[in-house]
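# Chains, contacts and geometry: an overview
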Amino acid sequence: MTEQNSVFLNGEFLPREQAQISVMDRGFLFGDGVYEVIPCYSGKLFRLEHHLNRLNDSLLAIHMENPHTRGEWREILEELVARRPGEDQAVYLQVTRGAAEKRDHLIPEQATPTVFAMSNPIAPVNPELAEKGISAITLQDIRWHRCNIKAITLLANVLLREEAGDNDASEAILLRDGFAIEGTASNLFIVSGGIIRTPPKSERLLPGITRDLVLELASTEKIPFLEEDISERALLEADEVWITSSTREIVPVVELNGKKVGNGQPGPMFRTMHGIYADYKQQRERGAAES
Ligand code: PDD
């Protein structure tokens, strides 16, 4: 067993094979918990403070107290990633409501949360993705009405992602009430009329950390952007479509429902933003930009 394979569970680091939780854990029985995925480049956790803020919001929304202070989280996660020196990684952390005496929907008055974290290597984002883009399909959003909570309950996302795969697409862009919302595990951007557009934050979508960073960078670089509802039609007629996430960064969608987006190549605005994003990452790795 190498140190690399150790995970964090309820206060200790231990080999993954030895990490065990109760079958009564409400995460297991009800999907009653929340999570975060945080990339780590050159040993530094990327946008950690933003992820910890969102974790707080998710916990608050499900009536749970944060089991750790910010300082404790930082210490735990830094120790975890230090076990894989020199590797870019994605940290997965999960907090569930813990185990109760009996299976009961009602939230138990007293339960000790289960806190779990692991880190896995991530290959550098494949440059081909930025060169060639991906294909996506649109599907009706069958998820619940609190998609702003980063809940571990992801069955709908899993089924939708599977359906995308069955249609030879890498992502499904979800439609609700005639509007394009986000992907199964990514946020959505379109470009039309020279303006970057993304749906505003609401209970319909996850407030993505990468989404916010893209808007922050657009603002700094004085690139016009709007947070506005995107109709299905606007999506289908867009000059460019991108998806964003912590693990995939910014990816251009060049084919949607079997038809070319724009000219079927990653667009000029994508190339600009992709470059700005890469520069930001590099500066941060050199310590110039803040977390
Ligand atoms: N998912 N929307 C959904 C539904 C997501 O699951 C994710 C990320 C995003 C993008 O958020 P961020 O930029 O903060 O990663 C948007 C993670 C990566 C996952 O479930 O693995």
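Quick summary incoming for the structure in this document. Everything quoted here is computed from the prediction, not taken from an experiment.

## As for the site of the ligand
The immediate surroundings of the ligand are formed by 19 residues, with Tyr35, Arg54, Glu182, Thr210 and Ser246 found nearest. Within the side chain of Thr210, one N or O atom sits 2.6 Å away from an oxygen atom of the ligand. Between the ligand and Ser246 there is a distance of 2.8 Å, counted from an oxygen atom to a side-chain nitrogen or oxygen. Calculation on the ligand without its partners gives an accessible area of 480 Å², and the protein chains cover 89% of this total. Its atoms largely coinciding with the cavity grid, the ligand occupies the largest pocket. A per-class count over the shell around the ligand returns five nonpolar, ten polar and four charged.

## Looking at a negative patch on the surface
Where like charges cluster on the molecular surface, the negative patch consists of Glu162, Glu163, Asp166 and Asp168. Within the secondary structure layout, Asp168 lies in the loop between α5 (155-166) and β8 (171-176).

## Section: a nonpolar patch on the surface
Together, Ile21, Val23, Phe28 and Leu29 give the surface a local cluster of nonpolar side chains, amounting to about 390 Å² of exposed area. Within the secondary structure, Val23 sits in the loop between β2 (12-15) and α1 (26-30).

## Notes on empty space enclosed by the protein
Within this structure, the stated rule accounts for three cavities of 30 Å³ or more. Size it by volume and the largest cavity reaches roughly 50 Å³. Surrounding the largest cavity, Gln4, Asn5, Ser6, Val7, Arg16, Arg84, Met118, Ser119 and Asn120 form its lining. Every element with two or more residues in the lining of the largest cavity is listed here: β1 (6-9) and β6 (114-121). If one sorts the elements of the lining of the largest cavity by residue count, β6 sits on top with three residues. Among the residues making up the lining of the largest cavity, the classes are represented as two nonpolar, five polar and two charged. Together, Pro39, Phe46, Arg47, His51, Ile209, Thr210, Leu213, Ser246 and Tyr277 line the second largest cavity. No other element matches helix α6 (residues 209-220), which puts three residues into the lining of the second largest cavity.

Rules and cut-offs
Residues numbered from 1 in each chain as written. Predicted model: local features only at pLDDT ≥ 70, side-chain atom pairs only at ≥ 80, totals over all residues. Heavy atoms only, no water. Near = heavy atom within 4 Å. Polar contact = N/O pair within 3.5 Å; in protein donor to acceptor, adjacent residues only side chain to side chain. Areas by Shrake-Rupley, 256 points an atom, 1.4 Å probe, with all protein chains shown as cover. 1 Å grid on protein atoms, 1.4 Å probe; cavity = no way out; pocket = protein on both sides within 12 Å on 5 of 7 lines; lining within 4 Å. Sits in = over half its atoms within 2 Å of the grid points. Nonpolar A, V, L, I, M, F, W, Y, C, P; charged D, E, K, R; others polar. Patch = residues over 30% accessible without salt bridge, like charges linked within 9 Å, V, L, I, M, F, W, Y side chains within 5 Å. Salt bridge = Lys/Arg side-chain N within 4 Å of Asp/Glu carboxyl O. Lys, Arg positive; Asp, Glu negative; His and termini not counted. Charge placed at Lys NZ, Arg CZ, Asp CG, Glu CD. Helix = DSSP H or I, 4+ residues; strand = E, 2+ residues; numbered from the N terminus. Points joined across faces, edges and corners; volume = space filled by probe spheres on them.

Distances and angles like these do not, on their own, reveal function.
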